[in-house]
Amino acid sequence: FRPVPRWTYVVCMLREFLSWNEPFLPQAAARLIDHHADAALGVARLERAWVVLPGGRAGRRLKELLVDAADQRGLRLVPPTIMTVGVLGHRLAPFQHPVASGLERVLAWSHALHAQPHELMQKLFTRVPEAGRPAAWTALARELDGVSRTVAAGGLRFSDIADRLHADGHRSEAARWARLARIQQAYEDALAQPSSTAAVRCDADLERIEAASPLRPPADSIWLLGLAELNAVTRRQLAALDEWVALHALVHAPSDRANDFDRFGCIRAERWATAQLDVPDEQIHFAETPDEQARLAAEWLAALDGRYTPEEILIGTPDADVVPFIESQLERAGVPTRDAAGSSLRDTGPVRLLAAIADVLSSGRSYESIAALVRHPDVERWIDAPDDMLTALDHWTLEHVPARMVAPYLGTSNEAERVRWVMDRLD
């Protein structure tokens, strides 16, 4: 080995493999306590350790397990700083300006799209939204935001892709990405422009690409626990720390699978694409429908006969459409469940109400949008109309088939009068 000059910085990633025949987090908690234990003082000092996990729920569970592991060893616990991967990047290279929220990013993208010449938009998109369709512009803005975040995770901007494509001779595709880069620049300019209602904001993913070498973190060690993947920017940050930090990666796999994981403990996808998984035949059951899958899952849980707590049981499905069947089946059996993915904001009552109102406005008050709005539980409760009022609305619409629900309303019957009452209340 050649001697390393004292001023040369070296990142040393220590990988440790924990048995996958036992739950991962209890093993990880024990490893952390053992590594930082000071038996003479009766304390496990982890205050200068950063622990990085894939999600927030795992972090909350780890805190509980660390307390238990320290208590079993008769040690007082000084807890570590526990964070997710996304927070790690921000801690290593703090931003100069507040980070834009998802809504602020979408609004900035929408502003950037509206500012582009119509000719450029036609060259980029097969269908350019009409000026009076805000929902369509918002959908396009969300799509661009998703593409930008995916590309930025690899440490690239749209302009970087355009340059690479041009260098490889793909001129038409390079021109397309160059146009997208123009919109991306306008998007960043919109975030950087303060207004009377908002201060300067930054895009966390794009800002991280331009960040200088990470600041010296207030930690002596960083532990990566069970991470399946790390984006290119975070890898570069970890490798560019300008002070010595002990980096540890705990991998939930036996040591004889070391070649299947990279130096950060993340999965090497190419190794697992052809891996032979030896699953015993008696552990495989076949089901023809989602409902049958759910029934088998419930029977399997019943066969456990209460040997495990709910926190120790995980039901995984590669198809999200199966989840409602499983939840419904287990609910009928009196078994509480919690979707680890959480609830989508767009499925909540307030957002669905706003979406229904937006449909009414963008459709020019079509009957379909009006009918959906008046049957939203909150609107129906607020209008407080007798049941025959809404029934009259349906009957009147079947008779007159209006394209839009605007006054004056045809007819002199009681139904027409009731329609006026509902619409006046709704207006």
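Residues numbered from 1 in each chain as written. Predicted model: local features only at pLDDT ≥ 70, side-chain atom pairs only at ≥ 80, totals over all residues. Heavy atoms only, no water.

Asks: Looking at this model, I keep getting lost on the packing of aromatic side chains. Mind explaining?
Replies: How two aromatic rings sit relative to each other is set out by the distance from centre to centre and by the angle between their planes. For the structure shown, the criterion picks out five aromatic pairs. A ring pair is formed by Phe17 and Phe261, whose centres lie 6.3 Å apart and whose planes are at 65 degrees; its orientation type is edge-to-face. Here Phe17, found in strand β1 (residues 13–18), pairs with Phe261, found in the loop between β8 (246–252) and α11 (269–272); they are 244 residues apart in sequence, far enough to count as distant. Among the residues examined, Phe17 registers a relative accessible area of 22% and is labelled partly exposed. In this structure Phe261 comes out as buried when scored by relative accessible area, which is 9%. (Phe/Tyr/Trp six-rings, centres within 6.5 Å; stacked < 30°, edge-to-face > 60°. Helix = DSSP H or I, 4+ residues; strand = E, 2+ residues; numbered from the N terminus. Buried < 20%, exposed > 50% of the residue type's maximum accessible area, 1.4 Å probe, protein only.)

Asks: How do you make sense of the environment of Phe325 when you look at a structure like this?
Replies: By secondary structure assignment, the location of Phe325 is in helix α13 (residues 323–332). Exposure remark for Phe325: the relative accessible area of 37% places this residue in the partly exposed category. Spatially, the C-alpha atom of Phe325 lies 8.3 Å from that of Gln293, the residues being 32 residues apart in sequence. Residues within four places of Phe325 in sequence aside, it is in contact with Pro290, Asp291 and Ala294. (Contact = heavy atoms within 4.5 Å.)

Asks: What is the right way to read helix α12 (residues 290–303) from this model?
Replies: The periodicity of an α-helix, 3.6 residues per turn, causes residues three or four positions apart to be oriented the same way. The first and last C-alpha atoms of α12 sit 20 Å apart over 14 residues, in line with the 20 Å expected at 1.5 Å per residue. Buried residues of α12: Ala294, Ala297, Ala298 and Leu301, and no others. One face of α12 carries all of its buried residues, which in axial projection span an arc of 100 degrees. Exposed and facing more than 90 degrees away from the buried side of α12 are Ala302 and Ala303. For α12, the secondary structure elements touched by its buried residues are α13. One or two residues past the end of α12 sits Asp305, with phi positive at roughly 55 degrees. (Expected span 1.5 Å × (residues − 1). Arc of directions from axis to C-beta.)

Asks: Which parts of the structure should I look at to understand the sheet that holds strand β5 (residues 76–78)?
Replies: Adjacent strands of a sheet pair through backbone hydrogen bonds, lying either parallel or antiparallel. Strand order across the open sheet formed by three strands is β2-β3-β5, with mixed pairing between neighbours. The open sheet terminates on both sides in strands that have one partner only, identified here as β2 (37–38) and β5. Two elements, strand β3 (residues 43–45) and β5, share three bridges in a ladder whose sense is parallel. Note on β5: the bridge partner recorded for Arg45 is Val78. (Pairing = 2+ DSSP bridges.)

Asks: Looking at this model, I keep getting lost on the sheet that holds strand β4 (residues 49–53). Mind explaining?
Replies: Strand order across the open sheet formed by five strands is β1-β8-β7-β4-β6, with parallel pairing between neighbours. Looking at which strands have only one partner, the edges of the open sheet turn out to be β1 and β6 (81–84). Strand-to-strand twist of the sheet, defined as the mean angle between neighbouring strand axes without regard to direction, takes the value 20 degrees. In this sheet, β8 lies alongside strand β7 (residues 221–225) in parallel orientation, the contact comprising five bridges. In the strand pairing of β8, Leu224 is matched with Ala249. (Axes fitted to C-alpha atoms, helices over the stretch in contact; angles between N-to-C directions.)

Asks: Looking at this model, I keep getting lost on unusual backbone geometry. Mind explaining?
Replies: A negative phi angle characterises most non-glycine residues, just as the trans form characterises most peptide bonds. The backbone of Asp305 sits at a positive phi, close to 55 degrees, despite the residue not being glycine. Tracing the chain through its elements places Asp305 in the loop between α12 and α13.

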